[in-house]
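Observations on chain architecture
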Amino acid sequence: MSSTPDRPGGSEDPFAVAEALQSVVRDTAAIEREAPAERITEAIGADDGRRDTVVLDEETLGRRETVRVPTQRRPATGRRAPLPVAALFATLWAALLTYLPVAAVIGLARTLEGAGGLAGAAHAGLAGWLLGHGVPIGTSIGPLALAPLALTGFLLWRLNRAGLHVTRAIGARRTGSLPRAILVAVTVGCAYALVGALAAILVDGRGTEVSTGVAASRFLALGVFGSLAGALRGTDAISVLARRAPPAIRHGLRAGVVAAFLILGAGAVAGGLAVALGGAQAADIIAGYQTGVAGQAGITLISIGYAANVSIWAAAYLLGPGFALGTGTIVRLTEVAVGPPPMLPLVAGLPEGPVGAIGTLLLAGPVIAGAVAGWALTQRLRFGRDSAWRAARRAGKGSAAVVEPRWSLLVTSGLFAGPVAGVALGVLAWLSGGAVGSGRLSRIGPDPVQTGVVAALVVAVSVTLGATATRAFFRRS
């Protein structure tokens, strides 16, 4: 057997070293077809085009000299940004992108109507931006603390992107590290709290009073919550947590969130239809302001900003607890007691009184939404997340045998989905309410405790029934 040095000719090429190693650890044999019983072993030259044959002899290989082949060098990674710098830059960028649309809308209305210059528009836009974070604004009529949740959702989306960008900038992408995701969220939240405190200082003054401490705390909470979602997704720590969680909790959490969003969707449809049916009244309300085209456009945009609030109120209406539109008022399926409503286009769809026997069918909306979430839970357990909504079509094309989920898993997941949806809808009901002044409109929105408890019971029962019925029907068919 011939041998070669570890690095022939001083070459650093790993392929040359590996090729030289073959002549040390491998024997070659030529196969004679005329005499298969006798085989002659001969060395094959380096220039032979035939493939080498590896000798699987442990004793022979054990006596051979071991040659270490150098590993392939990894490409040099780019320079990582310091966490404070990356967090500050991403936070300022998110704040700027969310403030400019608010300032533009308010500035357009104020400029065209002659109600102030750019400085006044910037000040009013900053106040509206703070209101979107849930920061109450003190005015001459009392505190203004009814946050437009459409703007709040936009803020959370931009903070989510900020957390994702910071995760990539510091090199923590797809590391699966939960501590690094939490560190990114806390850093972004602290930077956002500084932005909120500065904005409160700029807005606080004559006509608009803002507490710096309250603004900093609200910005901190919103910044940590929003950026944590992006950081968990960027580091892939959310997948690590999902794999560690018990299956019943993991699937119940997903089913509860799906049910909550379906109930909100039903509320949005019901609220949209009510406003559409009262379109003439909404047009009269807008025309009654007599502010011109720009002012009417501003009122319409403000109403759109509160559309998410109205969807939550309509969901509470469908669930049963209803909502308040001022002190001593209530709007539910079986009772309507309101005073003069505020002059906003969204109140055009308010019911004039309790619904009749046919109207009580609206209570079936949340039940149907929960049953759909239960059906999706069973289908996901059967076919995986990529085919949960295409199960019937795949089954008709001769797909592989389906493994039915356990009854215990379906029941426990469905029961756990109830509290998840109850907490989610209760928190949203709390966020959607507030006050407009210190008078009659000091209490607006649904009761969060009643909404959460009723939602938990309805979702727990409907998701469990939908999931088990889907499995039973499939078994019979």
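Our structure's up above, just so we're on the same page.
These lines cover the structure that appears in this document, whether it is placed above or below. Here the residue index of a chain counts from 1 through its sequence in written order. Restriction of local features to residues with pLDDT of at least 70 applies here, the model being predicted, together with a cutoff of 80 or more for giving and counting side-chain atom pairs; totals for whole chains, interfaces and linings are based on all residues. Only heavy atoms go into the side-chain values, all of them from the structure, while hydrogens and water stay out.

**Observations concerning unusual backbone geometry**
This is how it is decided: The numbering of helices and of strands both runs from the N terminus, where a helix is a DSSP run of H or I of at least 4 residues and a strand a run of E of at least 2. Burial here depends on accessible area, computed with a 1.4 Å probe over protein chains only, as a share of the maximum for the residue type. Under 20% is buried, over 50% is exposed, and the range in between is partly exposed.
Residues other than glycine seldom take positive phi values, yet Arg174 does so here, at roughly 55 degrees. Note on placement: Arg174 falls in the loop between helix 5 (149-169) and helix 6 (178-203). Phi at Asp236 is positive, roughly 65 degrees, even though this residue is not glycine. Along the chain, Asp236 turns up in the loop between helix 7 (212-235) and helix 8 (237-244). Judged by relative accessible area, which is 25%, Asp236 ranks as partly exposed.

**Points about empty space enclosed by the protein**
Basically, it comes down to this: Definitions used for this entry: grid spacing 1 Å over protein atoms alone; cavity, a set of points where a 1.4 Å probe fits but cannot get out; pocket, an open set with protein on both sides within 12 Å along at least 5 of 7 lines; lining residue, one with an atom within 4 Å of a point. Grid points are joined across faces, edges and corners, and a volume is the space filled by probe spheres set on the points. Here the term charged refers only to Asp, Glu, Lys and Arg, the term nonpolar to Ala, Val, Leu, Ile, Met, Phe, Trp, Tyr, Cys and Pro, and the term polar to all other amino acids, Gly among them.
Counting across every chain of the model gives one cavity of 30 Å³ or more. One number sums up the size of the largest cavity: a volume of about 30 Å³. Leu264, Ile312, Ala315, Ala316, Leu425 and Thr451 are the residues that line the largest cavity. Counting residues per element, the lining of the largest cavity draws most heavily on helix 12 (residues 307-319), at three residues. Along the lines of polarity and charge, the residues of the lining of the largest cavity split into five nonpolar, one polar and no charged.

**What to know about a positive patch on the surface**
Under the convention used in this document: Only residues whose relative accessible area exceeds 30% and that take part in no salt bridge are eligible for patches, with like-charged residues grouped when within 9 Å of each other and nonpolar side chains (Val, Leu, Ile, Met, Phe, Trp, Tyr) grouped when within 5 Å. For the area figures, the Shrake-Rupley method with a 1.4 Å probe applies, and any residue is considered shielded solely by the protein chains shown. We count a salt bridge whenever a side-chain nitrogen from Lys or Arg sits within 4 Å of a carboxyl oxygen from Asp or Glu. Here the positive residues are Lys and Arg and the negative ones are Asp and Glu; neither His nor the chain ends is included. Charge coordinates come from a single atom per side chain, which is NZ of Lys, CZ of Arg, CG of Asp or CD of Glu.
Taken together, the side chains of Arg168, Arg173, Arg174 and Arg233 define a basic patch exposed on the protein surface. Within the secondary structure, Arg173 is located in the loop between helix 5 and helix 6. Given a relative accessible area of 45%, Arg173 falls into the partly exposed group.

**Quick notes on the packing of helix 13 (residues 364-383) against helix 15 (residues 407-432)**
Put simply, the rule reads: Every axis in this analysis is a line fitted to C-alpha atoms, fitted for helices over the stretch in contact. Angles between the N-to-C directions lie between 0 and 180 degrees. Roughly parallel means an angle under 35 degrees; roughly antiparallel means over 145; roughly perpendicular covers 65 to 115; every other angle is labelled oblique. In this scheme, a crossing is called left-handed if the near helix is turned counterclockwise away from the far one by less than a right angle; it is called right-handed if the turn is clockwise. Contacts are assigned to residue pairs that have any heavy atoms within 4.5 Å of one another.
Put simply, helix 13 and helix 15 touch, their axes get as near as 11 Å, and they point 140 degrees apart. Comparing the axis directions of helix 13 and helix 15 gives the class oblique. Note on packing geometry: the crossing formed by helix 13 with helix 15 is right-handed. Mapping the contact onto sequence places Leu377, Thr378 and Leu381 in helix 13 and Leu409, Leu410, Ser413 and Gly414 in helix 15. Class assignment for the residues of the contact of helix 13 with helix 15 results in four nonpolar, three polar and no charged.

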